[in-house]
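Structural features, examined
One letter stands for each residue in the lines below.
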Amino acid sequence: AQSVTQPDIHITVSEGASLELRCNYSYGATPYLFWYVQSPGQGLQLLLKYFSGDTLVQGIKGFEAEFKRSQSSFNLRKPSVHWSDAAEYFCAPGGGADGLTFGKGTHLIIQP
Amino acid sequence: GAGVSQSPSNKVTEKGKDVELRCDPISGHTALYWYRQSLGQGLEFLIYFQGNSAPDKSGLPSDRFSAERTGGSVSTLTIQRTQQEDSAVYLCASSLLSGAGGGDTQYFGPGTRLTVL
């Protein structure tokens, strides 16, 4: 069965510090991979996506993610977080007729 | 251009009543998706429409749930005989192309918050 794991429910980082959010998936084949962000009272916004090719993907707001086939991982990173990055982050493999399979999400808290 | 819109934004209903939730996708998008977001279950995929094709209903949580898409555009998600466990935020998304293999970016609406008393 298709599944995705975001092992960190909450992460707290200081403003200006680096960030890495973990995502592991289990699929029959390498799926399409997405990261979405949901700010309080806002809808889901796409940060970045991976289809094929370069394993390091650049997204909006200074985010990037690296696909590692051997580890079935697609971790999200940002070199320096800003207070406005506080939000819920979802990793989501899949798409198409089967829809996206969302992880449980990681709640990011930014400390001043 | 306009994004995905959903109405109503909030709906409070009594247990046992029927509700209809509406989604207007981005103009020109052929694929439309419904998801449900709840505290206990997270984000769950419910159903997918590609154009006017009949959808796969296997992801709907029970036979009280149904969905239709008219003219390949607007979609309505109907919940009959609502139960308290149906309380959630119902999200709609659309994408431009979306063959069955996926990969297209899904653009999400703001959601409808359903509360069943």
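Residues numbered from 1 in each chain as written. Chains lettered and ligands numbered in written order. Predicted model: local features only at pLDDT ≥ 70, side-chain atom pairs only at ≥ 80, totals over all residues. Heavy atoms only, no water.

Glancing now at the packing of aromatic side chains. All names here are of chain A. If you walk through the whole model with that rule in mind, you get 18 aromatic pairs over all chains. For the ring pair Tyr50 and Phe74, a centre distance of 6.3 Å and an interplane angle of 50° mean the geometry is tilted. Highlighted residues: Tyr50 in strand 6 (residues 44-50) and Phe74 in strand 9 (residues 73-78), separated in sequence by 24 residues. Of the two residues, Tyr50 and Phe74, neither departs from the other in class, the shared state being buried. (Phe/Tyr/Trp six-rings, centres within 6.5 Å; stacked < 30°, edge-to-face > 60°. Helix = DSSP H or I, 4+ residues; strand = E, 2+ residues; numbered from the N terminus. Buried < 20%, exposed > 50% of the residue type's maximum accessible area, 1.4 Å probe, protein only.)

Contact residues are listed per partner, giving 19 residues for chain A and 21 residues for chain B. Across the chain A to chain B interface the summed buried area is about 1,500 Å²; carbon plus sulfur atoms make up 56%. A per-residue breakdown of the area chain A buries against chain B is headed by Leu44, Gly96 and Ala97 of chain A, which together make up 30% of the total. Along the contact surface separating chain A from chain B lie zero salt bridges. Viewed at the interface, chain B and chain A are joined by four residue pairs in polar contact (both at pLDDT 80 or more). Listed by contribution, the elements that provide at least two residues to the side of chain A that touches chain B are strand 5 (33-38) and strand 6 of chain A. A per-class count over the side of chain A that touches chain B returns 10 nonpolar, six polar and three charged. (Contact = heavy atoms within 4.5 Å. Buried area = accessible area lost by both parts, 1.4 Å probe. Salt bridge = Lys/Arg side-chain N within 4 Å of Asp/Glu carboxyl O. Polar contact = N/O pair within 3.5 Å; in protein donor to acceptor, adjacent residues only side chain to side chain. Nonpolar A, V, L, I, M, F, W, Y, C, P; charged D, E, K, R; others polar.)

Right, let's get into the layout of surface pockets. Here the largest pocket defines a volume of roughly 710 Å³. For the largest pocket, the lining is made up of 25 residues, of which Gln38 and Phe90 of chain A together with Gln37, Leu39 and Arg113 of chain B are closest to its centre. Where the lining of the largest pocket is concerned, the elements lending two or more residues are strand 10 (87-93) and strand 11 (106-111) of chain A together with strand 4 (31-38), strand 8 (88-95) and strand 10 (112-116) of chain B. Here the lining of the largest pocket takes three residues from strand 10 of chain A, the largest share from any one element. Broken down by class, the residue content of the lining of the largest pocket amounts to nine nonpolar, 13 polar and three charged. (1 Å grid on protein atoms, 1.4 Å probe; cavity = no way out; pocket = protein on both sides within 12 Å on 5 of 7 lines; lining within 4 Å. Points joined across faces, edges and corners; volume = space filled by probe spheres on them.)

Residue and element names in this part refer to chain A. Counted by the stated rule, this structure contains one cavity of 30 Å³ or more. Here the largest cavity defines a volume of roughly 30 Å³. Around the largest cavity, the lining residues are Val37, Ser39, Leu47, Lys61, Phe63, Ser84, Asp85, Ala87 and Tyr89. Considering only residue class, the lining of the largest cavity consists of five nonpolar, two polar and two charged.

Another aspect to go through is the state of the cysteines. Disulfide: a covalent bond connecting the sulfur atoms of a pair of cysteines. Residue and element names in this part refer to chain A. Inspection of the entire model under this criterion finds two disulfides over all chains. Disulfide partner of Cys23: Cys91, at an S-S distance of 1.9 Å. Between Cys23 and Cys91 the disulfide shows an S-S torsion of about -60°. By sign, it is left-handed. With Cys23 in the loop between strand 3 (19-21) and strand 4 (24-26) and Cys91 in strand 10, this pair connects stretches of sequence that are 68 residues apart. The two residues Cys23 and Cys91 agree in class, both being buried. (Disulfide = S-S within 2.5 Å.)

All names here are of chain B. The topology assignment puts Thr112 in strand 10. A distance of 2.5 Å separates a polar side-chain atom of Thr112 from the backbone oxygen of Pro8. Residues in contact with Thr112, not counting those within four places in the same chain, are Gln6, Ser7, Pro8, Ser9, Lys11, Leu21, Ala88, Val89 and Tyr90.

Further remarks concern the sheet that holds strand 10 of chain A. Residues and elements named next belong to chain A. Taken together, five strands build an open sheet; the order of strands is 2-11-10-5-6 and the sheet is mixed. Sheet topology places strand 2 (10-14) and strand 6 at the edges, where each strand pairs with a single neighbour. Strand after strand, the sheet turns through a mean of 25° between neighbouring axes, direction not considered. Here five bridges tie strand 2 to strand 11, and the two strands are oriented parallel to one another. Each bridged residue has a counterpart across the sheet, and for His10 the counterpart in strand 11 is His107. (Pairing = 2+ DSSP bridges. Axes fitted to C-alpha atoms, helices over the stretch in contact; angles between N-to-C directions.)

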